[in-house]
Amino acid sequence: MKFYYKLAVNLLLTIIFFAVSCDTKKEEPTPQVIPNHALTVHDNVLVVDSSRYSLILDSALLSAGTYRFISSGTALNAPVGTVIVGAQGRGFLRRVTAINTQNNETTLQTEQASLDELFKSGMLNLSTASDSLVEGRKTSSEGFSYSFEDVTVYNEGALSLLLKKGSVSMNPDWVFKLNFNPNYIYDAEIATYNAPLEGNFEFNVTADQAVTLIERSSTLKKYHKDFTRWVPVLILGIPVAIPVTVRMLINLDLQYSAAINGKMNQNATFSNKSHFDIGVLRKNGQWQGIYDLSPNNTFETGAVSGSASANVKMALVPKISFQLYGVVGPYASIGLQEELNASVTSPDLNWDFRADVWLQSKAGIEGKIFSKELPDFSISWDTEKLSYKTPERLERISGDNQTGQEGKPLPLPVKVRVLDSKGNPQRNVPVYFVPANGSVTPTSVLSDANGFAEATWTLGVAASSLQHLNVSAKTANGQSINNAPLDFAATATPSDSSTISCIPDEQLNLLIGSGQKEWRLMTLTMLSDSTWTYYTLPNDRIIFTFVRGNIYSFSGFALSDNPAIIKLEPNTLIWVIPFCDKSGGVSFNWNPARIKALTHSQLIIEYSAENVYDSNKIYTYIYTFHAQ
C-alpha cells in the first residue's frame, strides 16, 4: 500500500505553484487480453463481467457490504469464500460471506478483501501512461494543468494578499510494481521518473500600516481523479483480464500568516522548470523514499514602495487520500512551505528580499488493503531549505580604467549589473555612483530589466592624474550587497578648456569659503599721473559674492566650474563680473588681474586698463575688500 503513498508524494510537486487540477474520467477496459506477465491469481477469484452482471449501485447497500447483481442470463454464482473483483462503481474487491439467488438476481453479503487475497504470485506491473495489456502502447495523458488569475488569498483591514496570475503543468508517468508470493508481498515500488514540471505565479503583498495576521487557512481547490487499468493474469491457467481501480481525492489548502511593521507594497513572480523523480520503494521488508529534483527556479520582483519590513509565510498543502477498489488506502498531507522576508526604506527605496522554500510532508498507509500481514505505515519529513536572495551581488561590466581629459565626460559610461543569488539579473534596484573626483550623471539609477545600471563620469581637476569612482547597491538596512562598492579608476589628462582653476586651491578656499562668500568693497585706488582713492561709506554697501559654479553674464559669457563675482546690490553693477576667464587666468571687470593679497578677512585685487576717455593713458586699479 505504500506504493500509493508515493503517488501522494508526487502530487506535492504538482502544487509547487499554488494550484493543480485535472479532469475526472474513467478509462474503459481494453478488449484484447495478452498474458505477457507471469502474474497469477488465487483459484477462488471471480472477475465479474459487467456486460453480463449489472451491479445495483445503491450506496446504502454497498456501505453495508451488500452487493446485488442482476444477470442478463444465468444468475451469478459466487460461493462463500469467493473473492469477487470488478470495475463497476468505483471498483470493488470483496470476499463473499453469504449468497442468496432468486431467478436472475444474486445478492452477496461481503467484506473487504486485500490485494494478496487477489494475487497469488508474480509481479503486478502498471503504468498510467501505457496500456497494461499491450506492452508499451500509450494511452491518454495522465497529466495535470491549472491556471488561475486574481485569486484573493486575504483582504481584510490593512492587509491584502493576492495571487495575481499563474499556471502549472505536469505530466508524470507513474509506474506501479508489487511482487507477490503465496504468503506475503515482497518488494513494492511506485514512482515517476524524469517527470516534467512547469509553473509560475505572480503575487502581491499590500499593507497600509503595521499589521499582524495569525496563521489562517482556506481551501483553494477540491477534486478527484479515477483511473482503471486492466492487467492480464492467469486463473486456473486461463488468461483473463482483471481491473485495478484507484481514486485520488485531494483538498488543496493554503495556510498563511504575515507580520509587517509599516506601509508596504510589493509584487513578485516565481517561475519553475524542472524534472523530478519521486516515489516509494519497499525492499527487504522496509519502506524507503525515491526522490530527485533538478529545479530551475527564477524570481523577479516588481517596483517596491513604502518603508517597512515584512515576514510572510505561505504553505500550500494538499490533503490527499487514495481509494483502492473504493477503500481508503494511502493518505498524505504535503505542504510547500515558503517564508518570505522583504524590507524597503524611504525615500531612497533600498530594498531586499529573501525566500526560503522547503517541503513539509506527512504520509500514511492503511496496510491491510495490500496484505493481511502488512502493518500500517506512516512517515513525515522536511526537505532542506532552498534559499533565494535578491539583490545579492554587483558585477562590473564596463567603463573601468579609461583615459580622458579633465572636465570632460569619459568615452564610455560606467556600467554594472545587479544579480540575484542564482546569478539572474535583478531589476528595480537603486544603484549609486559616487565620484571621488569630478562629477557623475545620474548619481543614482534603478537597474533595468536586464539588471544593468550605468552613468556618465566627467573627470575633475585633481592633484593626481588617477581618479576614482565608487558604485554601490544596498539592502534596506544600508548594508552593501556582495562585491559592492566597486571601485572604478580613470586616468585624467590636462585639458585645454576653461575648467583649469585660475588660482591655487588654498586661495580658492579663502575666496569662496564653504561654497559662497561675501566681500564688501572698502577702497578703490586708481593710479596714473596721480593717485585717487575712493572710500566707501558705512551705508554704501557694495557687496560682491564669490561662488563656484557655471556662471553666465548678461552678455552670455560663460564660465565652467570656476569662481566668479556677482554684484548683489541692484543700484550699482547689474551684471556678472567674471573672475576666472576662459583662458584660465584671473579677470576682473573684464581685464586681466591678479590677487595681490588674500587672507581669511581681506582681499586685494589689482589690474591695469586703458582710460576710457584717453586710450594713451593706462590706469592701475586696486580694489580692497573685507570679508563679511
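Residues numbered from 1 in each chain as written. Predicted model: local features only at pLDDT ≥ 70, side-chain atom pairs only at ≥ 80, totals over all residues. Heavy atoms only, no water.

Colleague: Would you explain the overall build of the protein in this entry?
Modeller: Along its length, the protein carries 4 helices and 40 strands. Classification of the 628 residues of the protein by burial places 49% in the buried group. Sequence separation of at least 24 residues holds for 66% of the intrachain contacts in the protein that already meet a minimum separation of 6. Of the roughly 28,700 Å² of accessible surface on the protein, a fraction of 49% belongs to carbon and sulfur atoms. (Helix = DSSP H or I, 4+ residues; strand = E, 2+ residues; numbered from the N terminus. Buried < 20%, exposed > 50% of the residue type's maximum accessible area, 1.4 Å probe, protein only. Contact = heavy atoms within 4.5 Å. Areas by Shrake-Rupley, 256 points an atom, 1.4 Å probe, with all protein chains shown as cover.)

Colleague: Got a minute to help me understand the sheet that holds strand E25 (residues 414-419) in this structure?
Modeller: Hydrogen bonds along the backbone pair up the strands of a sheet, which may run parallel or antiparallel. Sheet architecture is open: 4 strands sit in the order E23-E25-E29-E27, paired in antiparallel fashion. Two strands close off the open sheet at either side, each with one partner strand: strand E23 (393-398) and strand E27 (439-441). Pairs of neighbouring strands in the sheet enclose a mean axial angle of 30°, with direction left out of account. Sheet analysis places E25 next to strand E29 (residues 452-458), joined by 4 bridges and oriented antiparallel. Its bridge partner being in E29, valine 416 is matched across the sheet by alanine 453. (Pairing = 2+ DSSP bridges. Axes fitted to C-alpha atoms, helices over the stretch in contact; angles between N-to-C directions.)

Colleague: Can you walk me through the side chain of aspartate 420 in this structure?
Modeller: Summarising the element assignment, aspartate 420 is placed in the loop between E25 and strand E26 (430-435). For aspartate 420, which is buried and forms no salt bridge, the nearest opposite charge comes from arginine 393, at a distance of 7.0 Å. Looking at aspartate 420, its side chain comes within polar contact range of the main-chain nitrogen of lysine 422, at 2.9 Å. Side-chain polar atoms of aspartate 420 contact the backbone nitrogen of glycine 423, separated by 3.0 Å. (Lys, Arg positive; Asp, Glu negative; His and termini not counted. Salt bridge = Lys/Arg side-chain N within 4 Å of Asp/Glu carboxyl O. Polar contact = N/O pair within 3.5 Å; in protein donor to acceptor, adjacent residues only side chain to side chain.)

Colleague: What should I look at first to understand the packing of aromatic side chains in this one?
Modeller: Think of a pair of aromatic rings as described by two things: how far the centres are apart, and how the planes are tilted against each other in angle. One pass over the structure, following the stated rule, counts 8 aromatic pairs. Through pairs of rings, three or more aromatic residues link up here, namely Tyr607, Tyr619, Tyr621, Tyr623 and Phe625. A cation over an aromatic ring shows up here: lysine 474 above the ring of tyrosine 432, its NZ or CZ 5.5 Å from the ring centre. (Phe/Tyr/Trp six-rings, centres within 6.5 Å; stacked < 30°, edge-to-face > 60°. Lys NZ or Arg CZ within 6 Å of the ring centre and 35° of its normal.)

Colleague: How should the pattern of salt bridges be read in this particular structure?
Modeller: Pairing is possible between side chains that carry opposite charge, provided their charged atoms lie close to one another. Summed over the entire model, instances satisfying the criterion amount to 8 salt bridges. The partner of glutamate 111 in a salt bridge is arginine 95, and the shortest N-O contact between them spans 2.2 Å. Of the two residues, glutamate 111 sits in strand E7 (residues 105-112) while arginine 95 sits in strand E6 (residues 92-102), which places them 16 residues apart along the sequence. Through salt bridges with shared partners, a single network forms among Arg95, Glu111 and Glu117.

Colleague: Sorry if this is basic, but what is going on with the pairing of E25 here?
Modeller: In the case of a regular strand, side chains alternate between the two sheet surfaces. Where E23 lies against E25, 5 bridges are found, and the strand directions are antiparallel. Within the sheet, the bridge partner assigned to serine 398 lies in E25 and is lysine 415.

Colleague: Before we go on, may I ask you to explain empty space enclosed by the protein in this structure?
Modeller: Using a probe with the size of a water molecule, rolled over the atoms, empty space left in the structure can be pinpointed. With the rule as written, the count across this model stands at 4 cavities of 30 Å³ or more. One number sums up the size of the largest cavity: a volume of about 90 Å³. Lining of the largest cavity is provided by Phe203, Val205, Met264, Gln266, Ala268, Ala310, Val312, Leu340, Asn341, Ala342 and Phe353. Elements with a contribution of two residues or more to the lining of the largest cavity: strand E12 (185-207), strand E15 (264-283), strand E18 (308-324) and strand E19 (327-344). (1 Å grid on protein atoms, 1.4 Å probe; cavity = no way out; pocket = protein on both sides within 12 Å on 5 of 7 lines; lining within 4 Å. Points joined across faces, edges and corners; volume = space filled by probe spheres on them.)

Colleague: I'm lost on the nonpolar core in this one. Help?
Modeller: What tends to happen in soluble globular proteins is that the nonpolar side chains get buried as a cluster. Judged by nonpolar contacts, the single largest core of 52 residues is most densely connected at Leu159, Phe433 and Val471. Residues in contact with valine 471, not counting those within four places in the same chain, are Leu394, Val414, Val416, Val431, Tyr432, Phe433, Ala484, Pro485, Leu486 and Phe488. Counting residues in hydrophobic clusters, the runner-up holds 37 residues, among them Leu118, Met170, Val231 and Val244. (Core = buried A, V, L, I, M, F, W, Y, C linked by side-chain atoms within 4.5 Å.)

Colleague: When you look at the pairing of strand E5 (residues 83-86) in this model, what are you seeing that I'm missing?
Modeller: Alternating positions in E5 separate into two faces, Val83 and Val85 on one and Ile84 and Gly86 on the other, with burial throughout. Both E5 and E6 contribute to a ladder of 4 bridges, which runs antiparallel. Each residue of the ladder has a partner; that of valine 83, found in E6, is arginine 95. In sequence, E5 turns back onto E6 through a hairpin of 5 residues, with glycine 89 there showing a positive phi of about 70°.

Colleague: I keep staring at the sheet that holds strand E31 (residues 486-493) and nothing clicks. Help me out?
Modeller: Across the sheet, which stays open at both edges, the 5 strands sit in the order E24-E31-E30-E26-E28 with mixed pairing between neighbours. The two strands at the open ends of the sheet, each matched to only one other strand, are strand E24 (402-405) and strand E28 (444-446). Mean inter-strand twist for the sheet, computed between neighbouring axes without regard to direction, equals 30°. One ladder, built from 5 bridges, connects E26 with strand E30 (residues 466-473); its direction is antiparallel. Across the sheet, residue phenylalanine 433 finds its bridge partner in E30, namely valine 471.

Colleague: Please clarify how the environment of glutamate 406 should be interpreted in this entry.
Modeller: Looking at where glutamate 406 falls in the secondary structure, it is placed in the loop between E24 and E25. Under the relative-accessibility criterion, glutamate 406 is labelled buried at 11%. A sequence separation of 85 residues divides glutamate 406 from threonine 491, and the C-alpha atoms of the two residues are 9.1 Å apart.

Colleague: Is there a simple way to think about unusual backbone geometry in this case?
Modeller: Cis peptide bonds are those with omega within 30 degrees of zero, and the linkage from threonine 441 to proline 442 qualifies with -10°. Cis geometry is adopted by the peptide bond preceding proline 485, which originates at alanine 484 and carries an omega value of 0°. With respect to the helices and strands, proline 485 occurs in the loop between E30 and E31. The residue asparagine 103 is not glycine, and still its phi comes out positive at about 55°. By the element assignment, asparagine 103 lies in the loop between E6 and E7. In this structure asparagine 103 comes out as exposed when scored by relative accessible area, which is 74%. Even without being glycine, asparagine 428 reaches a positive phi, approximately 60°.

Colleague: Please explain the side chain of serine 472 as it appears in this structure.
Modeller: Within the secondary structure, serine 472 is located in strand E30. Once residues lying within four places of it in the same chain are set aside, the contact partners of serine 472 are Leu394, Pro430, Val431, Tyr432, Ala484 and Pro485.

Colleague: In this structure, what is going on with the environment of glutamine 479? I would like to understand it.
Modeller: One can find glutamine 479 in the loop between E30 and E31. Considering only alpha carbons, one finds glutamine 479 and asparagine 350, 129 residues apart in sequence, at a separation of 9.8 Å. Setting aside residues up to four positions removed in sequence, glutamine 479 forms contacts with Ala473 and Lys474.

Colleague: It is not clear to me how the confidence of the model for the protein should be interpreted in this structure. Could you clarify?
Modeller: Detailed reading of the predicted coordinates is not advisable wherever pLDDT falls low. Confidence along the protein averages 76 in pLDDT terms, with 72% of residues attaining 70 or more. A low-confidence stretch, residues 550-562 stays under pLDDT 50, and its non-local contacts, those more than four residues away or across chains, total 39 contacts. (pLDDT = per-residue confidence, 0-100.)

Colleague: For this particular structure, what's the right way to read the environment of serine 121?
Modeller: Among the structural elements, serine 121 can be located in strand E8 (residues 119-127). With a relative accessible area of 25%, serine 121 lands in the partly exposed category. Residues serine 121 and asparagine 181 lie 60 residues apart in sequence; the distance between their C-alpha atoms is 4.4 Å. In this view, serine 121 contacts Ala38, Leu39, Thr40, Phe180 and Asn181; residues no more than four positions away in its chain are not counted.

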